[in-house]
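Reading the structure
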There are 2 protein chains.
Amino acid sequence: MTPAPAWYLDHGDVDDLATGCSWLGSGGGGDTHVLALTLKQLIRERGPVPVIDPRRLAPDALVFNVGFVGAPVTMHEKLFTHGEILDVVRTMQARLQGRATALMATEIGGGNGLAPFLAGALTGLPVLDADGMGRAFPLSDHVSYAIQGRSALPTVAAGEQGEIVVIEGGTNRQAERLVRAVSVVLGSKCFSADYPLSGDDVRACAVLDTPSLARLIGASIRRVSRESADPASALTRWFAEEHGLVMRKLFDGKVTGVEHEVREGWGFGSVSLQSLDGTGPAMTIAFQNEFLIARLGEETVATTPDIITVVDSWTLKAIPSDGIRYGQRVQVVGIQSPQVMATEAALRVVGPRAFGYAVDYRPLSLPPASAEAPAGTP
Amino acid sequence: MTPAPAWYLDHGDVDDLATGCSWLGSGGGGDTHVLALTLKQLIRERGPVPVIDPRRLAPDALVFNVGFVGAPVTMHEKLFTHGEILDVVRTMQARLQGRATALMATEIGGGNGLAPFLAGALTGLPVLDADGMGRAFPLSDHVSYAIQGRSALPTVAAGEQGEIVVIEGGTNRQAERLVRAVSVVLGSKCFSADYPLSGDDVRACAVLDTPSLARLIGASIRRVSRESADPASALTRWFAEEHGLVMRKLFDGKVTGVEHEVREGWGFGSVSLQSLDGTGPAMTIAFQNEFLIARLGEETVATTPDIITVVDSWTLKAIPSDGIRYGQRVQVVGIQSPQVMATEAALRVVGPRAFGYAVDYRPLSLPPASAEAPAGTP
């Protein structure tokens, strides 16, 4: 049976969750704005969405992953219909003889962190307090389950015109390539379900408590004092001290250049930043949907799988890779990757070299801790 | 129960069937060479393939269509595995609770006319003496079943690496677009099954007796006297007189130009022909996988859905659109479309305007009948 919910996501929590998901998205995972509006409306109509602690799942309990597949730019250009989400959940449940008891996010990052809550609100299924990446990555087989040898099959994808596709044979990589090709036919965006997992699989593979973390990040950003001389630093120090989360401000400046193209269903490009007074080395950040590597001058200061988040200097809201514009005043924050995504096996799949960068992964470290409590602590 | 076979395809018949399928392919449907070799081998190992008269199918008997999807050029560049055929038939049978009693060709034209015999030899299922086009067309929803409102679902596609995709929602056109996108991921070629039909559906929609016709065309070409001054004309006259098949020689000459590109999973292009003595107007034939329209100078002499076949002047073997080369000595033969593909509804889908040509379909007519028996009659 399904364990009692650890907490409920109410409509008042949705903006915090969305803010946190975009922080954890490393610039990707899709826009949260439209999805958050839709989710608030759904929760008002149907009530809060129960969230389950993965530690309390029965060993043989069955869950599966859901999310949108496509180029982030299409996520807020093209509304989704409830139909495609219902088609995906119904079709996957039919394949699992209706035994699935909860949904989880393929990736907590960006709009895909909201995807299981949308599906949960529509279907009544609870959402698991975990995800498959602890952030967002360009490929669905970048999830921890694939890295640890679990199968993506069956994989289901649905479009807004009632199209339903089930992939029931092939490798995880071929399933990813097939879903991406399907998403292009369906308008560079579709809803998808994959990686059915047992409770034991979840505990062995998934990144735990990430929806809780996203909601906490969002709430902290809302509460951090705007009077603080440096709210981003205050926030990151507070997370490090209170939650042991390695989070660090990497840059403060403005956007001086953006390159962006949509290719093969992804957004590729790079962002150039300069300090406000124009002094010091420039920062460049390269992305494939997600920000993957940040360099200060010639020095690499952060790489995948660590999270690289570009936030608006005033609102501290994360800006997705396809939302970066010339002249924006931004700060860049690094967040250390969850351990499960930084193992040797994981780095072969999601480390800098896996994306073609000839550098090794060096985990983000904290700056020297400050003695006194920082100003503007939430 | 399954009716007694009307005839059996033995390995000695395969070359005739293949020759006839390429004549009916209008330049498309995929190369027959490799498939014929494989089919002969399979029949030697497993025995002849039974062929069933569709008129004897029980009203509620269940059958489905099979064929390869992709660019013809890949069909003979890339061998198929038995596995992809078995995966497709098994997956479709599972969806139909194992009730399908026969296979049929989506299109009799080209290699796809051999596809159900390959699948039949591998699975033991008999093949129906009918197909969905009476020729070949670029899109799977150009079949008569789609034109008459039957559903392509479920549609199954499989690749040589064990990939299995099932499309169970969406329009016939979307199913076609999805299978084509899937085929590109699978190397611009996959095996596919679609349009499950009842015996009554087959009699209402399908083009009947086309495998028999293909085999007869092949046998006649083998038997036609090479001493005949004009074997192609002798052959077409004989078919008109003995079988009431409107078939006519349209041109005799050599290839003076070829344009060909593979785009979005199809082969597009055009062929230019000139008479051997260089006199008279040139013929140009445009194709999208299949030859669609033939012009003599400015005059349109044949259009889709009528079949336009380019044959080698010596062997009378049809040359697929991607096999046309500069300098080849060829004759062009027109074959009138089966009635079911030339209705008003069908012309909206497969008539010249449907492919962007601003001309109306004018059925191919016979030349004035000759009094005496033609030389070199088979």
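Quick notes on the rules
- Residues numbered from 1 in each chain as written.
- Chains lettered and ligands numbered in written order.
- Predicted model: local features only at pLDDT ≥ 70, side-chain atom pairs only at ≥ 80, totals over all residues.
- Heavy atoms only, no water.
- Helix = DSSP H or I, 4+ residues; strand = E, 2+ residues; numbered from the N terminus.
- Rg over C-alpha atoms; globule rule 2.2 N^0.38 Å.
- Buried < 20%, exposed > 50% of the residue type's maximum accessible area, 1.4 Å probe, protein only.
- Contact = heavy atoms within 4.5 Å.
- Areas by Shrake-Rupley, 256 points an atom, 1.4 Å probe, with all protein chains shown as cover.
- Lys, Arg positive; Asp, Glu negative; His and termini not counted.
- Charge placed at Lys NZ, Arg CZ, Asp CG, Glu CD.
- Salt bridge = Lys/Arg side-chain N within 4 Å of Asp/Glu carboxyl O.
- pLDDT = per-residue confidence, 0-100.
- Core = buried A, V, L, I, M, F, W, Y, C linked by side-chain atoms within 4.5 Å.
- Buried area = accessible area lost by both parts, 1.4 Å probe.
- Polar contact = N/O pair within 3.5 Å; in protein donor to acceptor, adjacent residues only side chain to side chain.
- Nonpolar A, V, L, I, M, F, W, Y, C, P; charged D, E, K, R; others polar.
- Pairing = 2+ DSSP bridges.
- Axes fitted to C-alpha atoms, helices over the stretch in contact; angles between N-to-C directions.
- Least-squares fit on C-alpha atoms with pLDDT ≥ 70 in both.
- Domains from an automatic or database assignment.
- Disulfide = S-S within 2.5 Å.
- Right-handed = clockwise from strand over helix to strand, strands pointing away.
- Expected span 1.5 Å × (residues − 1).
- Parallel < 35°, antiparallel > 145°, perpendicular 65-115°, else oblique.
- Left-handed = near helix turned anticlockwise from the far one by under 90°.

Considerations on the overall build of chain A
- Looking only at helices and strands, chain A has 11 helices and 16 strands in total.
- A compact globule built from 378 residues would reach a C-alpha radius of gyration of about 21 Å, and chain A, at 19 Å, matches this within 12%.
- For chain A, buried positions account for 62% of its 378 residues.
- Considering only contacts within chain A whose residues lie at least 6 apart along the sequence, 74% involve residues at least 24 apart.
- Counting every atom, chain A has about 13,800 Å² of accessible surface; 52% of that belongs to carbon and sulfur.
- Side-chain charges in chain A split into 32 positive and 41 negative, and the spacing between the mean points of these groups amounts to 1 Å.

Considerations on the pattern of salt bridges
- Considering all chains together, one arrives at 28 salt bridges over all chains under this definition.
- Across the pair E168 of chain A and R95 of chain B runs a salt bridge, and its minimum N-O distance is 3.7 Å. With E168 of chain A in strand β7 (residues 164-169) and R95 of chain B in helix α4 (residues 82-95), the pair connects residues from two separate chains.
- Put simply, E176 of chain A and R180 of chain A hold a salt bridge, and the shortest N to O gap is 2.6 Å. Separated by four residues within a single helix, E176 of chain A and R180 of chain A lie in helix α7 (residues 172-185), roughly one turn from each other.

A few points about the confidence of the model for chain A
Residues and elements named next belong to chain A.
- A residue-level look at chain A finds 93% of positions with pLDDT of 70 or above and a mean pLDDT of 91.
- Within the model, the stretch residues 371-375 combines pLDDT values under 50 with five contacts to residues more than four positions away or in other chains.
- ipTM for the predicted complex: 0.84, alongside a pTM of 0.87.

Concerning the nonpolar core
- In terms of nonpolar packing, the biggest core is built from 114 residues, with W23 of chain A together with W23 of chain B touching the most fellow members.
- With near-sequence residues (within four places) excluded, W23 of chain B lies in contact with I217, I221, L235, M247, I307, T309, V311, L316, K317, A318, V333 and I335 of chain B.
- By size, the runner-up hydrophobic cluster in this structure holds 55 residues, among which are A157 and L178 of chain A together with L153 and C190 of chain B.

What to know about the interface of chain B and chain A
- Chain B puts 19 residues into the contact, and the matching count from chain A is 19 residues.
- Buried area between chain B and chain A, summed over both chains or domains, comes out near 1,600 Å², and the portion from carbon and sulfur atoms is 61%.
- Viewed at the interface, chain A and chain B are joined by two salt bridges.
- In this structure, the connection of chain B to chain A is made through nine residue pairs in polar contact (both at pLDDT 80 or more).
- The set of elements that each furnish at least two residues to the side of chain B that touches chain A consists of α4, β7 (164-169) and α7 (172-185) of chain B.
- Here the residues of the side of chain B that touches chain A are counted per class, giving nine nonpolar, six polar and four charged.
- Across five bridges, the pairing between β7 of chain A and β7 of chain B is antiparallel. When the sheet's bridge partners are listed, V166 of chain A is paired in β7 of chain B with V166 of chain B.

Looking at the sheet that holds strand β15 (residues 307-312) of chain A
Residues and elements named next belong to chain A.
- Overall, antiparallel pairing links the seven strands, which are arranged β14-β13-β12-β11-β10-β16-β15 in an open sheet. If you trace the sheet from one side to the other, it starts and ends with β14 (299-303) and β15, each paired once. In this sheet, adjacent strand axes meet at a mean angle of 35° when their direction is disregarded.
- For strand β10 (residues 247-263) and strand β11 (residues 266-274), the ladder comprises nine bridges, and the chain directions are antiparallel. By the bridge assignment, G257 is partnered in β11 with S272.

Section: the relation of the copies chain B and chain A
- When chain B is fitted onto chain A, the two copies agree to an RMSD of 0.0 Å after a turn of 180° and an axial shift of 0.1 Å. The superposition of one copy onto the other is thereby described by a two-fold rotation axis. Across chain B, the rotation axis passes nearest the C-alpha of V166 of chain B, at a separation of 2.5 Å.

What about the sheet that holds strand β16 (residues 329-335) of chain B?
Residue and element names in this part refer to chain B.
- The strand order β14-β13-β12-β11-β10-β16-β15 describes an open sheet built from seven strands, whose pairing is antiparallel. Of all the strands in the sheet, the pair left with one neighbour each is β14 (299-303) and β15 (307-312). Across the sheet, the axes of successive neighbouring strands diverge by a mean angle of 35°, strand direction being ignored.
- Relative to β15, helix α1 (residues 14-24) is tilted by about 125°, and along the sheet it contacts β10 (247-263), β15 and β16.

Notes on the domain arrangement of chain A
Residues and elements named next belong to chain A.
- Under the domain assignment used here, chain A contains domain 1 (7-210) and domain 2 (231-362).
- Taking only C-alpha atoms, the centre of domain 1 and the centre of domain 2 are 24 Å apart.
- With 33 residues of domain 1 in contact, the opposing surface of domain 2 contributes 34 residues.
- Of the roughly 2,600 Å² buried between domain 1 and domain 2, counting both surfaces, carbon and sulfur atoms make up 68%.
- Contact with domain 2 buries area across many residues of domain 1, yet W23, P138 and I147 alone supply 29% of it, more than any other trio.

Describing the state of the cysteines
- Tallied over the full model, the rule gives zero disulfides over all chains.
- Summary of cysteine pairing: C190 of chain B is not part of a disulfide, and the nearest cysteine sulfur, belonging to C190 of chain A, is at 18 Å.

Comments concerning the pairing of strand β5 (residues 127-131) of chain A
Residues and elements named next belong to chain A.
- With five of five residues buried, β5 is to be regarded as a mostly interior element.
- As paired elements, strand β2 (residues 49-52) and β5 share two bridges and run parallel to each other. Paired with V51 across the two strands is V127, which belongs to β5.
- In the sheet, strand β4 (residues 100-105) pairs with β5 via two bridges, with the strands oriented parallel. Residue pairing for β5: A105 is matched across the bridge by D131.
- Between the parallel elements β4 and β5, the chain passes through helix α5 (residues 115-123) in a crossover that is right-handed.
- Of the pairings in the sheet, the one linking β5 to strand β9 (residues 207-208) comprises two bridges and is antiparallel in character.

Structural notes on helix α10 (residues 231-243) of chain A
Residue and element names in this part refer to chain A.
- End to end, α10 covers 17 Å across 13 residues, agreeing with the expected 18 Å (1.5 Å per residue, within 8%).
- By the burial criterion, the buried members of α10 are P231, A232, S233, A234, L235, T236, W238, F239 and A240.
- Those residues of α10 that are buried lie in contact with α1 (14-24), α9 (210-223), β10 and β16 (329-335).

Brief notes about the pairing of strand β11 (residues 266-274) of chain B
- Sheet analysis places β11 of chain B next to strand β12 (residues 283-288) of chain B, joined by six bridges and oriented antiparallel. Bridge pairing links G269 of chain B to F287 of chain B in β12 of chain B.

Observations concerning the packing of helix α2 (residues 33-46) of chain A against α5 of chain A
Residue and element names in this part refer to chain A.
- At a minimum axis separation of 10 Å, α2 and α5 run at an interaxial angle of 25°. Taken together, α2 and α5 sit at an angle that is classed as roughly parallel. Between α2 and α5 lies a crossing of left-handed hand. Each of L35, T38, L39, L42 and R46 in α2 lies in contact with α5, whose residues at this interface are F117, L118, A121 and L122.
- Per-class residue counts for the contact of α2 with α5 are seven nonpolar, one polar and one charged.

Some points on the environment of L35 of chain B
- Looking at the element boundaries, L35 of chain B is found in helix α2 (residues 33-46).
- When the C-alpha positions of L35 of chain B and N112 of chain B are compared, they lie 9.0 Å apart, and in sequence the two are 77 residues distant.

Quick notes on the side chain of D31 of chain B
Residue and element names in this part refer to chain B.
- Of note, D31 is situated in the loop between α1 and α2.
- No salt bridge is formed by the buried D31; its nearest oppositely charged neighbour, R325, is found at 9.5 Å.
- Separated by 2.9 Å, the side chain of D31 and the backbone nitrogen of H33 make a polar contact.

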